Amino acid sequence: TTGSSSANSGSWTSFLKSIASFNGDLSSLTAPPFILSPTSLVEYSQYWAEHPDLLVAANQLPTPEQASSSTAEAMALKRAIAVTKWFISTLKSQYCSRNESMGSEKKPLNPFLGEVFVGKWETGGDVGETILASEQVSHHPPVTAYAVANGKNNVVLQGYNGITSSISTTSINIKQYGHALLNYQDLKETYLVTLPPLHIEGLITAAPFVELEGTSYIQASNGFYTVIEYSGRGWVSGKKNTFKARIFRDQLSSANKENASVTISGQWSGKSYIGKGGSTPHSKSSELFYDANAQPSEHLIVKPIEEQEPTESRRAWEKVAEAIRKSDYNLIHEEKSKIENEQRELRKKERETGHQWHTRWFDQKDYSNPEGKTDTNLETPDPFTNLTNLANLSIHNAPSGSLKKSKYDHGESKHWRFNLDKWKQDGMKI
Ligand SMILES: CCC(=O)OC[C@H](C)CC[C@H]1O[C@H]2C[C@H]3[C@@H]4CC=C5C[C@@H](O)CC[C@]5(C)[C@H]4CC[C@]3(C)[C@H]2[C@@H]1C
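All of these numbers come straight from a predicted model, not from anything done at the bench.

Enquirer: Could you give an account of the overall build of the protein chain, naming the residues involved and the relevant values?
Expert: Helices and strands together make up the secondary structure of the protein chain, namely eight helices and 18 strands. Expected size for 430 residues packed as a compact globule is a radius of gyration near 22 Å; at 22 Å, the protein chain falls within 12% of this value. For the protein chain, the spread of C-alpha atoms along the three principal axes comes to 70 × 50 × 45 Å. Burial statistics for the protein chain: of 430 residues in total, 51% are counted as buried.

Next comes the structure, spelled out in structure tokens:
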């Protein structure tokens, strides 16, 4: 931050030098205390549902029983637009929250294996209650799996996220792995959501912030297909956090942008506009689609630390978080080492006794086996194979949104899936 004291800027310059010799593992970088966040990465799953009303909105746009095919098409497009609006609404929470609450992007605490984070949103009305289950299912490499469930509307969002990072002269470049599956059980409709690449700007001025880039997709089981392209301040648009989303009847139609049913463009952290067809809507002449600053985010309700289990994030990291808030570097190191040593001991015992760690609410499903079509141990079949085929997306563990036949379209195809039975059997208090 511009106001950082000389000590901070001193440690920041040495930090920037350490970035120069970056080895690809962000957690290996010793970031100066003022850039450390007291929040663990396992908490970031909550950013998927800070607008629960938008998450369930599509459920309130069902196609009437005896609808004509043109009405059915119109309703399916309305739902694709509603799901796109929900997704766009998540981006400000995902990528700007730390800037708003702490003045800049920060380095999150690196979750330990089995760390969990749970909570609920109480929205009332016809939205009702929405719950969050987030679990660190892998530590090397870090992978967070999550599920968001709204009982009143029979909606379940589940997904997982991992990243790889590389360094360029002025920014840290991040590729996201994983995806989200949004299931509207009453509509018998599912949406596959991929995650865009990002980079961290502002490192030189010690005021880092996220900018999205590249492309992400939303593929509906009814065929509708959304392509979202991201750009930032340096690009033609001139504004930070810019995006353009085009919704097509199906992936094939997206070959020509003019085939778009609707086009949405603007800033995901500000205002965006929607117009019919393939042409870019301009703020003057078009209808406002979404204003990220108009609707305040709903924050998750989390039980007090004294009621939490030892593996729940805020209880586990309480002393480290306190030390970070006091910028007491020695205490941060001391309290972090306690947690790291505990984890090392656990891993050592598992190796000695041959008891491998079992994840709590998620299973890793291998899609390389031929019967990967539907998932028996979930109440709702897992339509991932079908959705990746519809969207021409790789089913392998490739960077999120990789197309079939792209250079990453090979290797393992293991994806984390929420196990509703395990969740129901678990006595976890939300
Ligand atoms: C370690 C180097 C360092 O401290 O650099 C200082 C800077 C804070 C940059 C590095 C960190 O920046 C953070 C931003 C984090 C992403 C923010 C949002 C999301 C979306 C969420 O759905 C999944 C996780 C993800 C991708 C976060 C991943 C971790 C990021 C890149 C943090 C960097 C360590």
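Enquirer: Break down the pattern of salt bridges for me, with residues and values.
Expert: Applying the stated criterion to the full structure yields 17 salt bridges. A salt bridge links Lys303 to Glu312; the shortest N-O distance between them is 2.9 Å. Assigned by exposure class, Lys303 and Glu312 land together as buried.

Enquirer: Describe in detail the pairing of strand β8 (residues 189-193), supporting the description with residues and values.
Expert: Most of β8 sits inside the fold, with five of its five residues counted as buried. Here β8 shows a buried face lined by Glu189, Tyr191 and Val193 and a second buried face lined by Thr190 and Leu192. Alignment of strand β7 (residues 172-184) against β8, held across five bridges, turns out to be antiparallel. Residue pairing across strands places Leu181 opposite Leu192, the latter belonging to β8. Linking β7 to β8, which pair antiparallel, is a turn of four residues; within it Lys188 sits at a positive phi near 50°. Note: β8 against strand β11 (residues 215-220), three bridges, orientation antiparallel.

Enquirer: Explain the nonpolar core residue by residue, including any values.
Expert: By size, the foremost hydrophobic cluster in this structure holds 76 residues, and its most contacted members are Trp48, Trp86, Phe87, Leu182 and Trp268. Ranked by residue count, the leading element in this core is helix α3 (residues 69-102), at 12 residues. Apart from residues no more than four positions distant in its own chain, Trp86 is found in contact with Trp48, His51, Leu54, Leu55, Leu157, Leu182 and Val193. With 15 residues, the next largest nonpolar core counts Ile131, Phe362, Phe418 and Met428 among its residues.

Enquirer: I'd like a description of unusual backbone geometry, backed by residues and values.
Expert: The amide bond that connects His140 to the next residue, Pro141, takes the cis arrangement and shows omega of -5°. Note that Pro141 resides in the loop between β4 (129-138) and β5 (143-150). Despite not being glycine, Asn241 has its phi angle at roughly 55°, a positive value. Considering the arrangement of structural elements, one finds Asn241 in the loop between β12 (225-231) and β13 (242-248).

Enquirer: Account for the site of the ligand, with residues named and values stated.
Expert: Neighbouring the ligand are 19 residues, the closest being Phe15, Leu26, Gln94, Arg98 and Lys106. The side chain of Gln94 places a nitrogen or oxygen atom 2.8 Å from an oxygen atom of the ligand. Considered on its own, the ligand offers 670 Å² of accessible surface; in the complex 97% of this is hidden by protein. When residues of the shell around the ligand are traced back to their parent elements, those giving at least two are α3, β2 (107-109), β6 (155-167) and β7. Split by residue class, the shell around the ligand holds 12 nonpolar, three polar and four charged.

Enquirer: Tell me about the environment of Gln364, and please be specific about residues and values.
Expert: Here Gln364 lies in strand β17 (residues 362-366). Here the alpha-carbon distance between Gln364 and Tyr146, two residues 218 residues apart in the chain, equals 13 Å. Once you skip the residues sitting within four places of it in the chain, Gln364 turns out to touch Lys414, His415 and Trp416.

Enquirer: Pulling in residues and values, what's your account of the environment of Ala398?
Expert: Tracing the sequence through the fold places Ala398 in the loop between α7 (384-390) and β18 (414-418). Since its relative accessible area comes to 8%, Ala398 is described here as buried. If sequence neighbours within four positions are ignored, Ala398 has contacts with Tyr177 and Tyr408.

Enquirer: Before we move on, can you summarise the side chain of Ser269 with the specific residues and values?
Expert: Locating Ser269 in the fold gives a position in the loop between β14 (262-267) and β15 (271-276). In this structure the side chain of Ser269 is engaged in a polar contact, spanning 2.7 Å, whose partner is the side chain of Asn241. Apart from the residues within four sequence positions on either side, Ser269 is in contact with Lys92, Cys96, Asn241, Ala292 and Asn293.

Enquirer: For the packing of helix α5 (residues 318-325) against helix α6 (residues 329-353), give the residues involved together with the corresponding values.
Expert: In contact at an axis separation of 8 Å, α5 and α6 are set at 165° when each is read in the N-to-C sense. As far as their axial angle goes, α6 and α5 are roughly antiparallel. Here α5 runs over α6; the crossing is left-handed. On the side of α5, the interface is formed by Lys319, Val320, Ala323 and Ile324, while α6 contributes Leu331, Ile332, Glu335, Lys336 and Ile339. Looking at the contact of α5 with α6 residue by residue, the class counts come to six nonpolar, no polar and three charged.

What counts and how
Residues numbered from 1 in each chain as written. Predicted model: local features only at pLDDT ≥ 70, side-chain atom pairs only at ≥ 80, totals over all residues. Heavy atoms only, no water. Helix = DSSP H or I, 4+ residues; strand = E, 2+ residues; numbered from the N terminus. Rg over C-alpha atoms; globule rule 2.2 N^0.38 Å. Buried < 20%, exposed > 50% of the residue type's maximum accessible area, 1.4 Å probe, protein only. Salt bridge = Lys/Arg side-chain N within 4 Å of Asp/Glu carboxyl O. Pairing = 2+ DSSP bridges. Core = buried A, V, L, I, M, F, W, Y, C linked by side-chain atoms within 4.5 Å. Contact = heavy atoms within 4.5 Å. Near = heavy atom within 4 Å. Polar contact = N/O pair within 3.5 Å; in protein donor to acceptor, adjacent residues only side chain to side chain. Areas by Shrake-Rupley, 256 points an atom, 1.4 Å probe, with all protein chains shown as cover. Nonpolar A, V, L, I, M, F, W, Y, C, P; charged D, E, K, R; others polar. Axes fitted to C-alpha atoms, helices over the stretch in contact; angles between N-to-C directions. Parallel < 35°, antiparallel > 145°, perpendicular 65-115°, else oblique. Left-handed = near helix turned anticlockwise from the far one by under 90°.

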